[in-house]
Every structure is written in C-alpha cells, then in structure tokens.
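Descriptive analysis of the structure
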Amino acid sequence: MNEHGHLADFLQARRGLLRPEDVGLRTYGERRRVPGLRREELAMLAGISAPYYTRLEQGQSRNASPEVLDAIANALRLDGPERAHLHALARAPRRDRPASRPRAEHVTPATGALLAALGSTPAIVIGRRTDVLAWNRQGHGLFAGHLDPEGPGVPARRPNMARLVFLDAHTRDLYADWPAKARAVVGNLRLTAGRHPDDPLLAGLIGELTMRSPEFAAMWADHRVLACDVADYEMRHPLVGTLTVTQQTLQSPQGDGPALVVATAAPGSPSATALTLLSHVTAPQEAPRPHPGANAHTT
C-alpha cells in the first residue's frame with residue numbers, strides 16, 4: 001500500500017486497467033504517458049468533478065457518498081464483489097493508533113458438527129487469513145495429504161492455504177490450472193483485506209507472500225478482487241490420479257468467521273469414483289486381530 005491508502009491504490013489500479021476505447025472515448029491518436037484512463041476522463045464518466053476525484057485517488061478525501069461510489073464503480077465497470085469492495089474501502093476508518101492483535105480464530109461447535117456430519121465428503125475449515133482451522137480425514141487427504149493431519153489442532157503449526165498455493169511445490173502441482181487457483185486465492189485475500197484493513201496478521205501474510213512469491217506480488221498489484229464461492233478445479237492427485245472437483249465455500253453473509261470449504265464431484269463420474277478410492281486409501285488401518293488359536297499350546 002502507498003501512503004494514500006487502500007482506497008486510493010484500488011482506484012488508481014483499476015483506472016489503469018481501462019482503455020479509452022473500452023468506454024467509448026475517442027483519443028484522436030495522441031500519445032499517452034501511462035496506460036489506462038486519465039483521472040479527468042474517469043471523473044467525466046462518473047459525473048463528478050475532476051478535482052474531487054483526484055482528491056479521492058490521492059487519499060485526501062474520505063467522505064464519498066454511496067451514490068458517488070456507485071457512479072465511480074459504474075465508470076470503472078466493476079462487478080458486484082468489486083463494487084462491494086470499493087464501498088468497504090471507503091468505509092474503512094483512518095488509523096490513529098496501532099491496530100490491536102486480533103483474537104485467535106477457532107472452530108465453533110456448530111461448524112465442527114457440520115464437518116463431522118459430512119462423512120466421506122472432503123472438507124476443511126479455514127479462517128479469514130486462510131489458516132486451516134480443521135479438516136476431516138478426506139479433506140486432509142485431498143488437499144494436503146503430505147502434511148501432518150494433526151497440524152490444524154495446534155495454532156502455531158496450522159497450515160495456511162495461501163502459503164501452500166504459492167510456496168508449496170506439492171500444492172502447486174496438485175492444481176492442473178494453477179494460475180486460476182492462485183488468482184482465486186489472491187482475489188479472496190483482497191476482499192478480506194478490504195473488510196479488515198487493520199488486521200496486522202493479515203498484513204503480515206500479504207507482506208510475506210509479496211516478498212517470497214513474484215507471482216503473488218504481480219497478482220496482488222493489479223487489485224483484482226474475486227469472490228470465489230463455487231469453482232471447478234482439475235486436480236492431479238498423487239494417490240488417485242486426475243479428478244475434477246467442485247469446491248464450494250460456505251460462509252456467513254458478512255464474510256466474517258471461519259468458512260467451510262467442501263469438495264464434491266458429479267455423481268457417477270470418474271472423479272466421484274476417485275474420491276471414493278481416496279476415502280479408502282486414506283482410511284485408518286486396523287491392527288490385525290490375533291487368530292483365536294495363535295497362543296494355544298499343543299499337548
């Protein structure tokens with residue numbers, strides 16, 4: 001983030017993604033020093049004054065009305081999640097003191113019961129910073145079978161899905177279309193950062209990934225947001241081969257609290273068969289029972 005703030009960064013980045021021809025503006029062939037729309041062009045499209053829009057983009061004004069924000073969203077051609085993200089950034093208070101450390105996240109009894117009720121369906125519970133708070137046996141086997149299954153139960157050892165996607169070779173190889181999965185992770189983190197701009201742990205995660213992953217840094221810089229509630233992914237699993245699953249994220253409407261991520265496959269499909277096989281190969285192995293006459297002495 002620059003010195004102007006998240007809202008200013010978002011406006012500048014999204015303005016840079018639009019070309020004059022995208023919005024029906026004629027340029028008469030003049031050369032432009034930077035890509036994208038000029039501030040005065042976007043202000044004209046939004047029906048607001050150029051000086052006022054400039055103050056918004058420079059972080060010098062924090063009192064934009066919902067109507068003005070909607071006009072800017074229309075000019076930027078934002079979709080529903082992007083529009084909500086813009087409003088969330090505009091509502092974020094200025095920091096006048098260091099942010100307090102957020103409370104530790106945990107799995108509620110209701111979410112734990114739901115996870116147990118899913119049976120053989122792979123599922124994991126993730127916090128707002130993508131920490132894995134819990135998983136069932138199938139969820140562990142599908143998403144991170146190479147990790148300690150007891151990891152989510154120890155806060156200091158919890159896996160983090162964003163780190164796994166960008167920094168873990170196993171997880172990177174797991175997704176046939178890794179860039180699509182990576183963009184979904186970044187887009188969801190953008191939404192979370194807009195809702196929780198003062199979360200120091202989230203800021204630390206984003207800073208770490210920016211430093212350690214050039215791909216993350218590039219994706220984060222374009223300020224795209226993505227509410228990926230349902231998505232299909234082709235996975236190349238080391239135990240059961242290639243399968244396609246639908247990942248659904250079930251979360252409260254406010255976007256707060258843990259989310260339940262469930263993976264399913266079309267009934268009767270080869271992918272459903274692969275999930276069934278995964279359930280079998282990851283099942284706990286029972287110790288062999290001794291034969292009733294094993295300890296008997298012959299006379």
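None of these values were measured; they are calculated from a predicted model.

This paragraph deals with the packing of helix H10 (residues 178–195) against helix H12 (residues 214–221). Running from N to C, H10 and H12 cross one another at 55°; their axes reach a closest spacing of 10 Å. Judged by the angle between their axes, H10 and H12 are oblique. Where H10 crosses over H12, the two elements pack in a sense that is right-handed. Side by side, H10 and H12 meet where Trp178, Pro179, Ala182, Arg183, Val186, Leu189, Arg190 and Ala193 of the first sit next to Glu215, Phe216, Met219 and Trp220 of the second. Looking at the contact of H10 with H12, its residues break down into 9 nonpolar, no polar and 3 charged.

All right, on to the packing of aromatic side chains then. Applying the stated criterion across every chain yields a total of 4 aromatic pairs. With a centroid separation of 5.5 Å and an interplanar angle of 80°, the aromatic rings of Phe166 and Trp178 are classed as edge-to-face. Taken together, the residues span a long stretch of sequence, with Phe166 in helix H8 (residues 161–167) and Trp178 in helix H10 at a distance of 12 residues. Classification of Trp178 by relative accessible area gives buried; the value is 8%. Relative to Phe216, the ring of Phe166 lies with its centre 5.2 Å away and its plane at 90°, an arrangement referred to as edge-to-face. With Phe166 in helix H8 and Phe216 in helix H12, this pair connects stretches of sequence that are 50 residues apart. Note on Phe216: relative accessible area 0%, which makes it buried. Following the ring pairs from residue to residue traces out a cluster consisting of Phe166, Trp178, Phe216 and Trp220. Here Arg172 stacks its cationic end above the ring of Trp178, 3.8 Å away from the centre of that ring. The ring of Trp220 has Arg190 lying over it, and the distance from NZ or CZ to the ring centre is 3.6 Å.

What counts and what doesn't
- Residues numbered from 1 in each chain as written.
- Predicted model: local features only at pLDDT ≥ 70, side-chain atom pairs only at ≥ 80, totals over all residues.
- Heavy atoms only, no water.
- Axes fitted to C-alpha atoms, helices over the stretch in contact; angles between N-to-C directions.
- Helix = DSSP H or I, 4+ residues; strand = E, 2+ residues; numbered from the N terminus.
- Parallel < 35°, antiparallel > 145°, perpendicular 65-115°, else oblique.
- Left-handed = near helix turned anticlockwise from the far one by under 90°.
- Contact = heavy atoms within 4.5 Å.
- Nonpolar A, V, L, I, M, F, W, Y, C, P; charged D, E, K, R; others polar.
- Phe/Tyr/Trp six-rings, centres within 6.5 Å; stacked < 30°, edge-to-face > 60°.
- Buried < 20%, exposed > 50% of the residue type's maximum accessible area, 1.4 Å probe, protein only.
- Lys NZ or Arg CZ within 6 Å of the ring centre and 35° of its normal.

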